[in-house]
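# Tertiary structure, described
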Amino acid sequence: MMDTATTYKCPSCGAGLTFDPESQTFHCEYCGSSFTQEEARQAQDSAAAEVEKSPEEPAAEQAEAQDQGQQTEEMTVYHCPSCGAEIVTDATTAATQCFYCHNPVVLSGRLSGEFRPEYVIPFAIPKEEAEKRFLHWARSKRFVPRDFFHKSRIQKLSGVYFPYWMVDCKLDGAMEATANRVRVWRTGNTEYTETSRYRIVRGGKVNLNEMLKPALKKADQKLVESVLPFERKEMKDFTPLYLTGFQAEKRDVEREEAQPALEQQIKNYTEQLFRDTIPGDMVAVNVTHLETNNQDQKWQYLLLPVWTFTYRPKGEDKTYFYAMNGQTGKVCGELPIHYGRLAAFCGGIYGILALLLFFGRWLLG
Ligand SMILES: [Zn+2]
Ligand SMILES: [Zn+2]
């Protein structure tokens, strides 16, 4: 597979185009022009027509200056299509910026073939807005030292497309459990307690949608999970154009590696769905049997937008890491909290759960 370094060029002046989250267009900072995806692609097509075409790849992904990356262990060196300087990347980098001329560079060869994502959610929050929201979020937290947050202390703010697996799964679920119902009443001076023991049977079709698993080993797993969920309706068919001006990473976690954690998640969600149908006055619920049969799993690979922040407070050695969902603005990370308390990571269930139930009968034990 040919690895290529591409800079998408402005059709008007030839400078590098970057994706603009605010207008959702492709913008040239040099001459100020903006282009739709169609226009940017057409310009790239006509430029690419001058270079040799590879039959497997669409012309839009051809580099104007093709460059076979030279690999040495984990690092790969490319040459910037604009200034010719060396761009050193690690094995998973798929989009970056030239350190010297600051032109955006997309390494589209790393996102082709089996590594071509099916979908991408483009950034919707521009950099300045991300910075503003981050500071607002941080200042709104209680127990945080007052002087902790200042714009100037943000060390690094990067827009990164991270790789994720997205799995939808249909299955036939079944659960058996035992539970008690306790009734207490009084007659005269005597208090009576009646404990009824139930066997609970549940079965039904379960749909688990949009279960997301981070697919990059070097990423802080907690952080890249904490920014979930994303809204699927903004999902676009993948084109490398959306990556221009941002960083992007390709996956290094394959399906087989992600599978065990996903199986556990499927079990947990299924159990939770069935448990939720047990009336609230039942106590000591104990699940004795759980089945997740006839699983129909659909796996998709996609890139999702995340703003990452590193922050070092004044007079401290410690660097703090944060992540913000680049689509919704949800922020997560650890804050330095007074009284030795740490902020909990944002949690939750990342998936839309649906359940069709065939109720089992209540059986008095
Ligand atoms: Zn231009
Ligand atoms: Zn350059």
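Residues numbered from 1 in each chain as written. Chains lettered and ligands numbered in written order. Predicted model: local features only at pLDDT ≥ 70, side-chain atom pairs only at ≥ 80, totals over all residues. Heavy atoms only, no water.

Attention now moves to the pairing of strand S1 (residues 17-20). Direction of pairing for S1 relative to strand S2 (residues 25-28): antiparallel, over a ladder of four bridges. Following the sheet pairing, Leu 17 is matched in S2 by Cys 28. In this structure, the hairpin formed by S1 and S2 is closed by a connection of four residues, where Gln 24 is found at a positive phi of approximately 55°. (Pairing = 2+ DSSP bridges. Helix = DSSP H or I, 4+ residues; strand = E, 2+ residues; numbered from the N terminus.)

For any two aromatic rings, the description comes down to two numbers: the centre-to-centre distance and the angle of the planes. Within the structure shown, the criterion is met by 19 aromatic pairs. For the pair Phe 123 and Phe 246, a centre-to-centre distance of 4.3 Å together with 5° between the ring planes defines the contact as stacked. Here Phe 123, found in the loop between strand S9 (119-120) and helix H2 (127-139), pairs with Phe 246, found in the loop between strand S12 (236-237) and strand S13 (247-249); they are 123 residues apart in sequence, far enough to count as distant. For the pair shown, Phe 123 and Phe 246 are each scored as buried. Over the face of the ring belonging to Trp 185 we find Arg 183, whose NZ or CZ atom lies 4.3 Å from the ring centre. Here the basic side chain of Lys 250 rests over the ring of Phe 115, its NZ or CZ set 4.0 Å away from the ring centre. (Phe/Tyr/Trp six-rings, centres within 6.5 Å; stacked < 30°, edge-to-face > 60°. Buried < 20%, exposed > 50% of the residue type's maximum accessible area, 1.4 Å probe, protein only. Lys NZ or Arg CZ within 6 Å of the ring centre and 35° of its normal.)

Looking now at the sheet that holds S1. On the basis of which strands lie adjacent, the open sheet formed by three strands has the order S1-S2-S3 and antiparallel pairing. Strands at the two margins of the open sheet, each flanked by one partner only, are S1 and strand S3 (34-35).

This part takes up the coordination of the zinc ion (ligand 2). Within the protein, Cys 80 (SG), Cys 83 (SG), Cys 98 (SG) and Cys 101 (SG) serve as the donor atoms for the zinc ion (ligand 2), at 2.2 to 2.3 Å. Each of the four donor atoms bound to the zinc ion (ligand 2) contributes to angles spanning 106 to 118°, and the resulting shape is tetrahedral. Here the donor residues for the zinc ion (ligand 2) map to a single chain with the spacing C-x2-C-x14-C-x2-C. Of this pair, Cys 83 sits in the loop between strand S5 (75-79) and strand S6 (86-90) while Cys 101 sits in the loop between strand S7 (93-97) and strand S8 (104-106), and the two are 18 residues apart along the sequence. The exposure class of Cys 83 is partly exposed, given its relative accessible area of 41%. Given the relative accessible area of 27%, Cys 101 is considered partly exposed. (Donors = N, O, S within 2.8 Å, 3.2 Å for Na, K, Ca; no water. Tetrahedral: all angles 85-135°; square planar, octahedral: opposite > 155°, others 65-115°.)

Turning our eyes to something else, we now look at the coordination of the zinc ion (ligand 1). Only Cys 10 (SG), Cys 13 (SG), Cys 28 (SG) and Cys 31 (SG) from the protein coordinate the zinc ion (ligand 1), and they sit 2.2 to 2.3 Å from it. Sequence positions of the residues that donate to the zinc ion (ligand 1) give the spacing C-x2-C-x14-C-x2-C. Classification of Cys 10 as buried rests on a relative accessible area of 4%. Given the relative accessible area of 34%, Cys 13 is considered partly exposed.

What follows covers the nonpolar core. In this structure, Phe 134, Tyr 161, Leu 243, Trp 307, Phe 309 and Tyr 322 are the most contacted members of the largest nonpolar core, which totals 64 residues. It is strand S10 (residues 154-187) that provides the largest number of residues to this core, a total of 10 residues. Built from parts of two domains, this core gets at least three residues from each of domain 1 (17-116) and domain 2 (127-170 + 201-234 + 241-364). (Core = buried A, V, L, I, M, F, W, Y, C linked by side-chain atoms within 4.5 Å. Domains from an automatic or database assignment.)

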